[in-house]
Amino acid sequence: MIVAASKPFQEIKQMLSEFRKICVLGCGSCVTICHTGGEKQVAELAAQLRLSAKLEGRQIEVKEDSTLRQCEWEFIDNIREVIEDCDAVLSIACGVGVQYMAEKFPKIRIFPGVNTTFMGGPTEQGIFWERCAGCGNCILATTGGLCPVSRCAKSLMNGPCGGSQNGRCEVSQETPCVWNQIYDQLDTQQLLKTMETIVPPKDWTTGAENHPRKMVLEHLVVKKQIN
Amino acid sequence: MNTTGTKSDKKTDEEAPCIVACPIRQDARDYIQLIARRRFQEAYQLVRSRNPLPSACGRICTHPCETKCRRNSTETPIAIAWLKRFLGDNFSEEISKIPIEKYPERIAIIGAGPAGLAAANDLALLGYSCTIFESNSTPGGMLRMGVPTYRLPRMAIDNDVEFIKKLGVEIKYNTTFGTDITFDSLKKEGFSAIFIGVGLLESRTLNIEGVQLDGVIRGVPFLHEVNTTGRAHIGKNVLVIGGGAVAMDCARTALRLKPDKVSVASLESRKEMPTTDFEIEEAVHEGVILHNSVGPKRILGKDGRATGLETLKVKYVFDEQKRFNPAFYDGSESVIDADTIILAIGQASDLSFLKGQERIQVTRSGTLVVNPTTFSTALHGVYAGGDIVLGRGTMTEGMAQGKKAALAIHNALRNTTLKDEKWNNKTAVSDIAPSRIALIKKEQKQEMPTMSSEKRLDNFDEVELGFSINAAVKEAQRCMNCGAGAFVDDNLCVGCLTCVRICPFEVPEIKKGDTTAYINGDCQSCGLCVVECPARAISFKTPLEDQGKDTLQAALQDTFIQGVKPLIINFYCQYGAYNEDKIDTINNLLFFHVRRVGVLGLGKVDPSLYLKAFELGAHGVLVTACKDDTCHFCKEQEWIERRTKFTAQLLSGLGMDARRFKTHFISSQNGKEILDIAFNMIEELRNI
């Protein structure tokens, strides 16, 4: 899932300072699960905005809404009436949702309420870790199911660097050295030999080097404009 | 009608066991939850909306609800009946609008006992003109004739009946069916339907040697005589034969007539006796001697007077098919001396009113045959219910019959199919999972204050004195709100697992094959998941759990406070504030600067509500929660601390002074501590 972190309120306030009719819009998927963009956060942000305006003696109207996924034209079309009735929308979806909103409602100012951070998941309640970098060429089959692209600070492909200390990464003591973990995992699976195969320089053109990427499923394409 | 509007669980449609167990489907859980929140008047109205005789019922009901109460698993059941009595004794409902008689048909009701009164009550509310014909000079039927005043003071019956009369029901006393009025005369008078609820007026007798001797008397006439005159002719050594409620009533009534000794001879063992433990315990406590597992062989006598009962030891009371079929040990005779023997072995019907009326069918045991759905006898327009149909029933079973018959009469007269959804057979919430019992805090049951045993035998005054407000609230707060806790809306749940991971009682789960969470009936209503669910997919089934929202709005509605500075909103835990004597004093002392928002467990309060309080005009928000050792739930303190920190961050983002939002964990919400904290905060806010 996509993990996003709340923006500092001061930044949000600054972005919205000139608007009087605002909708805080949540997204019911990834950002709900990571507790930054769900209906609960919509209510909290809306309450903060209202209170902030009250403290400064400003009159504003803050609406609260949410949709299942802001990255689907049909879902955001369902809330058209609410959106078009506002001067500005604070979208607390990931960057994808914010862009879909901006594209769908070109006359309305759409602002991001969260910083989209990474693809990952909760390792325990309230703690999220990055797990995938979207490199476009998955190598998990050879690394014991642990991704060095997203979990190694240097995205190394052939074992740890010299900064691996007692199983920890030199960049942050909190971060486990993923190559240490890969070694242990392959050892458990009696596959340590695979580490002897040298991985050639990774082709990054399948990943972030090649923006924007596109995927076409020929068998599903229908010639109908849905935007 | 469920006036609290509790939603049912869509997946299971389970209901609280106390409600399912009740013959009239009294909303026990919901009125208890209202008492727990000190909303007494609403609680009374809820009780009364289902139960025409709440004061009487709160005293003598056999409370099957308590038998099924899930608090039995953790320690002892909630005192459901005593809480109802508390409401009946202390509250009443002003009838501002007498139901309009919408329909021209008049209904005759025979007998002002539980069945007849319930039928009249419900028919009046449906819009019919009802007349009750009662052979006695007072209402209540067997409640008055059979139940001793020390258990049921007559004012309790009179209060209840007065309310029914206010609905427009007319009661004609000293009017015996079969002699003063008949089927024909009622028809001639223009009654469109007749409901027979005459009860069982006769006592059963024993077919043994000696029953004709002087000193052998029947239980119900004995009780009737004492209940109406305050005395009866008995000897010095009284023996009651029987093991049920009437036998206990006879024994305890006889004790108050000051004989030397009162004993009870019961076929059943103490465990098998067909009455409540409480009644047996009270009888023994007062001095009644129990002879269990003995059967009457013959009554011994001398000079035409009874001198004792020869008994046989009981082998078994019920046979292998669980039928009543007592067997005795040969040669086990022994004698219990007695000069008065009261037969309390069951009641029988007096069907003399049926004379000349052959169409109404009668069973071999002397009860009337009715269609179990329509309560109609074979005679057109004549209905029957209560003990005369059941043979032997409790007060609530009698009322249930009256209520069902009222609806059936309405449907027959109007040719409609109106239904009362309460009679639907819902499944009761299942027992608490054994692994969860240890996680639920034990809460001591409140004792019922009683008259001292020395005092009580001198009179027929009520023995149980009733709950104080403090005791009632404390007792009600033990309720686990079964079947009305949190539930997940499948359409909103995103399967984030937050509820599964944070519930201190480990209730939510995602069942195999499901993608959304499920919260079963073990939910304790602590509200942590409701607040933390990021998708707002979890809510309480009962609207009583407003999570402080409505209370906050109400607290700030007073225009007077708009000019008050500083104004503090105090969110406090109602579990820590059951003490009536202090709550008003505290509220008065704090009144000028502090408005209090009580919530039954602060784990239910969302941080955004604290912001809302500021938005609505508060200058400070003070959260006073209970300390962990006094907390009704578990892990609340930890979560309230987390939310305090989180709320402080939100407010800090707004540039608000940290002194405006405070959380304290205190021992009592009504003690001096809260005053000190609040006054300090007022001073601090003045300096900002």
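The shown structure was predicted, so the numbers you read here are calculated from the model rather than taken from an experiment.

Here we look at the interface of chain B and chain A
Alright, step 1. Residue-level contacts link 18 residues of chain B with 21 residues of chain A.
Alright, step 2. Residue contributions to the side of chain B that touches chain A peak at 6 residues, all from helix 23 (residues 607–615) of chain B.
Alright, step 3. Class assignment of the residues belonging to the side of chain B that touches chain A gives a composition of 11 nonpolar, 3 polar and 4 charged.

Quick look at the domain arrangement of chain A
Alright, step 1. Looking at chain A, the domain boundaries give domain 1 (2–118) and domain 2 (133–210).
Alright, step 2. Between the C-alpha centres of domain 1 of chain A and domain 2 of chain A the distance comes to 37 Å.

With respect to the packing of helix 2 (residues 28–36) of chain B against helix 3 (residues 40–50) of chain B
Residues and elements named next belong to chain B.
Alright, step 1. Viewed as axis vectors pointing N to C, helix 2 and helix 3 meet at an angle of 170°, and their least axial separation amounts to 8 Å. As summarised for this structure, helix 2 and helix 3 are arranged roughly antiparallel, according to the angle between their axes. The crossing of helix 2 and helix 3 is left-handed. Between helix 2 and helix 3, the contacting residues are Asp-30, Tyr-31, Leu-34 and Ile-35 on the first element and Phe-40, Glu-42, Ala-43, Leu-46 and Val-47 on the second.

Thoughts on the pairing of strand 4 (residues 88–91) of chain A
The side chains of a regular strand alternate, residue by residue, between the two faces of the sheet.
All names here are of chain A.
Alright, step 1. One ladder, built from 4 bridges, connects strand 2 (residues 21–27) with strand 4; its direction is parallel. Looking across to strand 4, one finds that Leu-25 is bridged to Ser-91.
Alright, step 2. Pairing geometry for strand 4 and strand 5 (residues 109–112), over 4 bridges, is parallel. By the bridge assignment, Leu-90 is partnered in strand 5 with Phe-111.
Alright, step 3. Once you follow strand 4 into helix 6 (residues 95–104) and on to strand 5, the crossover reads as right-handed.

Re the domain arrangement of chain B
By a widely used convention, the size of an interface equals the accessible area lost when the partners come together.
Alright, step 1. If you check the domain split of chain B, you get domain 1 (14–93 + 432–476), domain 2 (106–201 + 349–423), domain 3 (203–348), domain 4 (485–545) and domain 5 (549–686).
Alright, step 2. The centre of domain 3 of chain B, based on its C-alpha atoms, is set 61 Å off from the matching centre of domain 5 of chain B.

Overview of the sheet that holds strand 9 (residues 261–266) of chain B
Residues and elements named next belong to chain B.
Alright, step 1. Reading across the sheet, the 5 strands line up as 7-15-8-9-10 and stay open at both edges, with parallel pairing between neighbours. Of all strands in the sheet, those bounded by a partner on one side alone are strand 7 (216–218) and strand 10 (289–292). This sheet shows a mean twist of 20° between the axes of neighbouring strands, independent of strand direction.
Alright, step 2. Here strand 8 (residues 237–241) pairs with strand 15 (residues 340–343) via 4 bridges, running parallel. When the sheet's bridge partners are listed, Val-238 is paired in strand 15 with Thr-340.
Alright, step 3. This element, helix 11 (residues 219–229), spans strand 7 and strand 15 of the sheet and lies at about 80° to strand 7.

Conventions used here
- Every residue gets a number counted from 1 within its own chain, in the order that chain's sequence is written.
- Lettering of chains starts at A and numbering of ligands starts at 1, both following the order in which they are written.
- It should be noted that, the model being predicted, local features are given only for residues of pLDDT at least 70 and side-chain atom pairs only at 80 or more, the latter also being counted only at that level, while totals for whole chains, interfaces and linings use all residues.
- Throughout, a pair of residues is in contact if the C-beta atoms placed from their backbones lie within 7 Å.
- Each helix is a run of DSSP H or I of at least 4 residues and each strand a run of E of at least 2, with the numbering of both proceeding from the N terminus.
- Note on residue categories: nonpolar means Ala, Val, Leu, Ile, Met, Phe, Trp, Tyr, Cys or Pro, charged means Asp, Glu, Lys or Arg, and polar means any other residue, Gly included.
- The source of the domain bounds is an automatic or database domain assignment.
- Axis lines are fitted through C-alpha atoms, for helices just across the contact stretch, and the angle between N-to-C directions can take any value from 0 to 180 degrees.
- Angles are sorted into four bins: roughly parallel if under 35 degrees, roughly antiparallel if over 145, roughly perpendicular if 65 to 115, and oblique for all others.
- Crossing handedness: left-handed means the near helix sits turned counterclockwise from the far one by under a right angle, and right-handed means the same turn made clockwise.
- Strand pairing requires that DSSP identify at least two bridges connecting the strands.
- Looking down the strands as they point away from you, a crossover is right-handed if its path from the first strand over the helix to the second goes clockwise.

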